[in-house]
Amino acid sequence: MTGQRSLEKESLRAAVKRLYTSFSRYHLRPQIEERSRHLVSDNLLELLYAKPLRALDVVVLGHYVSDAVLELGDEKDFKHFLPRLFELLAFDERGLDEIPLLSKLRYANWRNWPHREQVAVDAFLMAWWQSVLSSDSG
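Source: prediction; values computed, not measured. (Residues numbered from 1 in each chain as written. Predicted model: local features only at pLDDT ≥ 70, side-chain atom pairs only at ≥ 80, totals over all residues. Heavy atoms only, no water.)

Scanning the protein chain for helices and strands turns up six helices and zero strands. For the protein chain, the spread of C-alpha atoms along the principal axes amounts to about 50 × 30 × 25 Å. Counting over 138 residues, the protein chain shows a buried share of 43%. Carbon and sulfur atoms make up 53% of the accessible area of the protein chain, which totals about 7800 Å². With 19 positive and 20 negative side-chain charges, the protein chain shows a spacing of 6 Å between the two charge centroids. (Helix = DSSP H or I, 4+ residues; strand = E, 2+ residues; numbered from the N terminus. Buried < 20%, exposed > 50% of the residue type's maximum accessible area, 1.4 Å probe, protein only. Areas by Shrake-Rupley, 256 points an atom, 1.4 Å probe, with all protein chains shown as cover. Lys, Arg positive; Asp, Glu negative; His and termini not counted. Charge placed at Lys NZ, Arg CZ, Asp CG, Glu CD.)

A few words on helix α5 (residues 98-107). Note on helix geometry: an α-helix contains 3.6 residues per turn, so any two residues three or four positions apart are oriented the same way. Looking at α5, one finds that the buried residues are Leu101, Lys104 and Leu105. In an axial view of α5, the angular spread of the buried residues amounts to 110°, which keeps them on one side of the axis. For α5, the exposed residues set more than 90 degrees away from the buried face come down to Ile99 and Arg106. Asparagine 109 sits one or two residues past α5 and shows a positive phi near 55°. (Arc of directions from axis to C-beta.)

So, on to the packing of helix α3 (residues 58-67) against α5. Two elements in contact, α3 and α5, have axes whose closest approach is 9 Å; the angle formed by their N-to-C orientations is 45°. Between α3 and α5, the crossing angle belongs to the class labelled oblique. The two elements α3 and α5 cross, and the hand of that crossing is left-handed. For the pair formed by α3 and α5, the contact residues are Val65, Ser66 and Asp67 on the first element and Pro100, Leu101 and Lys104 on the second. (Axes fitted to C-alpha atoms, helices over the stretch in contact; angles between N-to-C directions. Parallel < 35°, antiparallel > 145°, perpendicular 65-115°, else oblique. Left-handed = near helix turned anticlockwise from the far one by under 90°. Contact = heavy atoms within 4.5 Å.)

Time to look at the packing of aromatic side chains. On inspection of all chains with the given rule, the structure shows five aromatic pairs. Aromatic pair tryptophan 128 and tryptophan 129: ring centres 6.4 Å apart, planes at 50°, arrangement tilted. An aromatic cluster is present here, built from Phe23, Tyr26 and Trp113 joined pairwise through their rings. The ring centre of tyrosine 20 lies 3.6 Å from the NZ or CZ of arginine 54, which sits over that ring. Sitting over the ring of tyrosine 107, arginine 106 keeps its end group 4.6 Å from the ring centre. (Phe/Tyr/Trp six-rings, centres within 6.5 Å; stacked < 30°, edge-to-face > 60°. Lys NZ or Arg CZ within 6 Å of the ring centre and 35° of its normal.)

Inspection of the secondary structure puts histidine 80 in helix α4 (residues 75-91). Side-chain polar atoms of histidine 80 contact the backbone nitrogen of leucine 28, separated by 3.5 Å. (Polar contact = N/O pair within 3.5 Å; in protein donor to acceptor, adjacent residues only side chain to side chain.)

Time to look at the packing of helix α2 (residues 42-50) against α3. Here α2 crosses α3 at 120°, and the two axes come no closer than 10 Å. If you check the angle between α2 and α3, you find them oblique. In terms of crossing hand, the pair formed by α2 and α3 is left-handed. Along the contact surface, α2 presents Leu44, Leu47 and Leu48, while α3 presents Val60, Leu61, His63, Tyr64 and Asp67. By residue class, the composition of the contact of α2 with α3 is six nonpolar, one polar and one charged. (Nonpolar A, V, L, I, M, F, W, Y, C, P; charged D, E, K, R; others polar.)

Shown next, in the form of structure tokens:
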């Protein structure tokens, strides 16, 4: 079973790499739009801009996810953070809550995204789900 787990981890890594490639054109804008100022803390915005994408941690991005798309930023901002969000979902032991994250895909109308982006998300979700299923069965 160890060999199978190793293959699943490699599949997840490849899916995350594909996400970074597919979404690389979405950069952090100089200012993320806030729809409800009282709901989004200045501290969160500072933290989102304080580090490069791949250095943002589960705590900061966990707070971002709760406000993403609906209260903070738009679909393009979400696409900027998405590869790192999915990377943390797959590999960070502290855990990123998958329910708010996956629900944001719907709010961001991901099934209307360019085909390449949809395929990258599908590939990640399949690899992640396989990993979840096998880890629960052992």
